[in-house]
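Spelled out from the first residue to the last, the chains are:
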Amino acid sequence: MQLKLALPKGQLLQETSSLLHRSGLEIGGYDEQSRSYRPECRSLPNAFMKVFNEKDIPIQVAVGNYDLGICGQDWVEELLAKYPSSALIKIQDLGYGGKDLCMAAAKTAGMKSIDRLNGRADNIRIATEYPNLAEAFALTRRLKRFAIFPLWGGAEAYPPESADLALISETPGSPLNHDLVSVGTLLQSRAYLIAYRPSWESKDMSPLLDRIYATVGKQQPLPEKKRTLDMAQDSSCPKRPDDSGFVWLALADGHQQKPTIEFLARAGMEVSDDPQNPRRPAINLDGVKVKVIRPQDMPLQVANGNFDLAITGEDWLADHLYRFPSSPVKKILTLGFGKVRIVAVVSKKLPFETPQDFRAPLRRQDITTLRIASEYVNIADRYARENRLSPCHLIPTWGASEAFLPEDADLLIENTQTGRTLVQHGLRTIDTLFESSACLIGSTQAADGVKGRRIADIIQRLEVTLTKS
Amino acid sequence: MQKRCKGNRDLLPQDMESFRNVEEAFRSSCLKWGYEEIRTPTLEYLHLFTSTGTLTPSMLGRVYSFLDWDGWSGERVVLRPDGTIPTARLYIESLTQASPAKLFYVENIFSFEETGKESRERWQCGAEMLGSTSPSADVELIMLAQEVLSKLGISGTVLYLSHAGLIRSLLRELGLDPTEQNRIFDQIMDGNASGIMKTVATANPRLKDSLSLLFDLSGSSPGFIQNVKATLIRDFPRIEAAMDDFLAIAQLLTDMGCSYQVDMALGKGFEYYTGVIFRFQIGTQKLGGGGRYDDLIPLMGGGDVAACGFALDLDRLAGTSKNPDNSKSTILVRTEHAGKIDKVVFETANLLRQAGYRADLDQGYAGTTRHRWILSIRGEKGKPGFMLTNQSSGKTTELDSVSEILGILQVANATKTGPT
């Protein structure tokens, strides 16, 4: 009987690897240097292991692709907050990977605690990677009006201008930045062993569990954290900065950051990094402020007026507009760098050359439900509709998507520059959806006055640079 | 095999017959009582239901909320979890000139249920009166609901009464802070009155006995409420106004010959109640209920407008009530050659329909059918002849014209369907 285990990469990798090693499990290919997604366990030959982004693990276990998984409790609670009846059960606190999930506000906002939020009649904006927990928080706190901005990352950059609160994790190794203050802890999270309920009820997993239990011992519940705040006064209506004349420009983090900054430099806009505050670099333009956020989050942020301009990818703009066709955000300029193709990919083991090749096996129910994995959930959804790929399940992923094929997905919608990585992972491209490059996006509603002129100036500088190149 | 979504149900033809029967009984009563029909959208903004004073946390935790196509602003929408709050929204948006506004609706509501064994979509017959503070308005709604239950032939129902205003006054009198008051009120509204008793027992054991008279006992007359008032008012003088309101309603119901049980532990799942709360039950089965919610419209920014209403659970009523027997008026119209329908058949069926009967053309029914009558048409030398068979008695009569058919049907005292 095969036992399937989902293991985390990222922050929990090292300690999880150490735990498994101390439990007497010899696992090859599960360390920070390894590029394999499928480590092998010599001491448990019936075990199949795969490495995922931590955030993907609760979903993978809940849908039954894996019997057991290890990930942070925060991601487990995020899933359970929206899907309490899912087949996911929490088994064991593993005692490491501690972090606090806290509601943070800007120090300048003057908010001392979250206890008085329900008295506010205005719209409370919460930016977070944990939208389900944020919604549960807002409903429990009986907030009259609230908007939750789901993010891919970088939530700490949002308060106070782009959000009133950010629900973020604070770890001993990564405290809140000095502009923020925690106004309440929602969850004290540690790494957790989780299980798929039907597997737990039917499979004997005790050989693995015994080893892990013997190693971790019995974990004590964490003492409740008391916070003492040094704020002078509590304001039930925190101050939002008056920045109406400023132009807010969003730049991408990650691998798009360098080419973006180089392109801006060619347009005479020098962005200088602030090591103290890497998400808020300076720029040599009066009346312009810059924040570094995830490109995936930019269209939604521009639509909501939190940024006036942003340099993101055409792929992320398309994904946003497919989901929200009435969103007031538009492409202003195609910038040409950061080119990728958005492609449909299958495992080479499958005999499919085109997306239409899936239709016959779906009709015959050789494939009962097509599993489509993608970071681009809305593009993938539309692609499935347009190609009549039904019934299908969409599996949102948070990176390392190529690892999903072939065991946990049949089709992947992914971006690629050269296609080499896909080939290395034994995958075949069966369709190109479109090509995407970096683009400048802005609101469909024109700003006027000095702000309008500043926006026009930035656009013109970029246009001139494009013309020259 | 394709299956429906978990936690949802299909309404099959006989279910729909029961459904329409209840709906029609409810609609006709409401119209006769001067209520006007409305229908609100299935989607509403989530924020309509999130403030304190709307749904209890337990209900709020089960709403279907999501971002729709316009959700870029983060504004979430819900599948309507309740009929009253959208009606209050509609009133504020479009009908504030009407005072009082007497409105009714037949609508579906959505609430998540974990096992999927109960339907997550339920139908309600709701009536609301917006703009009246009088206890007689509460009584009017109770009488209207009772008329509907009676019209549906549902017997053995018990009317339970409670009073949210009285509970709120008590919680204030106990000196609890507003947050605690809301928490305990929610518990009671979610059907857990023991919360208040535990709190009181800890804080003031002497009061436990007095409150026990209210929460642990059940009365069935204005006298019971008078007794409780006389006992409690010594410790809680500020409950008098709520007690008097409760008493006035109970007295008028008694005067009208309407029996009831006072049960202060009655939970309703809504925070918005401020006055009388009522519920109709058969045994442990809840058929519906309602109450007064004077603070809801002010909370929603609609001004100082008092209101009360009720909703009956259409699904339960449909399962409990008896359907009228429509089979007497159903006629299967066929020719000698099954499935061969010609002009004469169409015209004959039309004449029967115009006379108020259900005429069903036989397009090839297999086996026996549920029709009370079978009319066979045969053509002889261009002139049709008819054979009418009464399926109940097995008697067959040969006839020459439609008027003769109608004569037989009338003689057989067939019940006509109403004109459509």
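Here the structure is a predicted model, which means the values were calculated and not measured.

Draft legend 1. Molecular detail of helix α13 (residues 449–468) of chain A. Residue and element names in this part refer to chain A. In this model, α13 (20 residues) spans 29 Å end to end at C-alpha, consistent with the 28 Å of a helix rising 1.5 Å per residue. Buried within α13 are the following residues: Arg 454, Ile 455, Ile 458 and Leu 462. Down the axis of α13, the smallest arc covering the buried residues is 100°, so these residues share one side. Within α13, the exposed residues directed more than 90 degrees away from the buried face are Gly 449, Arg 453, Ala 456, Gln 460, Thr 467 and Lys 468. The elements touched by buried residues of α13 are β13 (247–252), β16 (288–293), β17 (309–313), β18 (329–334) and β24 (438–443).

Draft legend 2. Seen up close, the interface of chain A and chain B. If you look at the interface, chain A gives 19 residues, while chain B gives 15 residues. Where the side of chain A that touches chain B is concerned, the elements lending two or more residues are α4 (131–140), β9 (145–150) and α8 (298–303) of chain A. In terms of residue class, the side of chain A that touches chain B is built from 10 nonpolar, six polar and three charged.

Draft legend 3. Molecular detail of the nonpolar core. Counting 222 residues, the largest nonpolar core has Ala104(A), Ile126(A), Leu167(A), Ile372(A), Ala307(B) and Leu312(B) as its most contacted members. Ranked by residue count, the leading element in this core is helix α4 (residues 135–151) of chain B, at eight residues. When residues no more than four places from it in sequence are discounted, the contact partners of Ile126(A) are Ala134(A), Ala138(A), Phe146(A), Ile148(A), Phe149(A), Ala163(A), Leu165(A) and Leu167(A). Of all hydrophobic cores here, the second largest spans 13 residues; its members include Val345(B), Ala349(B), Ala359(B) and Leu409(B).

Draft legend 4. Representation of the pairing of strand β1 (residues 3–8) of chain A within the structure. All names here are of chain A. In terms of burial, β1 is largely enclosed, as five of its six residues are buried. Sheet topology note: the β1/strand β4 (residues 47–52) ladder contains six bridges and is parallel. Pairing of Leu 5 across the sheet is with Met 49, part of β4. When β1 meets strand β5 (residues 68–72), the two strands line up parallel, connected through two bridges. Across the sheet, residue Ala 6 finds its bridge partner in β5, namely Gly 69.

Draft legend 5. Layout of the environment of Gly116(B). Residue and element names in this part refer to chain B. Structurally, the position occupied by Gly 116 is in the loop between β5 (101–110) and β6 (121–130). Separated by 295 residues in sequence, Gly 116 and Val 411 have C-alpha atoms that sit 51 Å apart. In contact with Gly 116, not counting residues within four places along its chain, are Lys 6 and Gly 7.

Draft legend 6. Here's a closer look at the confidence of the model for chain A. All names here are of chain A. Model confidence for chain A is summarised by a mean pLDDT of 89, while 94% of its residues fall at 70 or above. Here helix α6 (residues 206–216) stands out as the least confident element of chain A, with mean pLDDT 87; β17 is the most confident, with 98. Taken as a whole, residues 226–236 scores under 50 in pLDDT and shows 14 contacts with residues more than four places along the chain or in a different chain.

The rules behind each value
Residues numbered from 1 in each chain as written. Chains lettered and ligands numbered in written order. Predicted model: local features only at pLDDT ≥ 70, side-chain atom pairs only at ≥ 80, totals over all residues. Helix = DSSP H or I, 4+ residues; strand = E, 2+ residues; numbered from the N terminus. Expected span 1.5 Å × (residues − 1). Buried ≥ 20, exposed ≤ 12 C-beta atoms within 10 Å, placed from the backbone. Arc of directions from axis to C-beta. Contact = placed C-beta atoms within 7 Å. Nonpolar A, V, L, I, M, F, W, Y, C, P; charged D, E, K, R; others polar. Core = buried A, V, L, I, M, F, W, Y, C linked by C-beta atoms within 7 Å. Pairing = 2+ DSSP bridges. pLDDT = per-residue confidence, 0-100.

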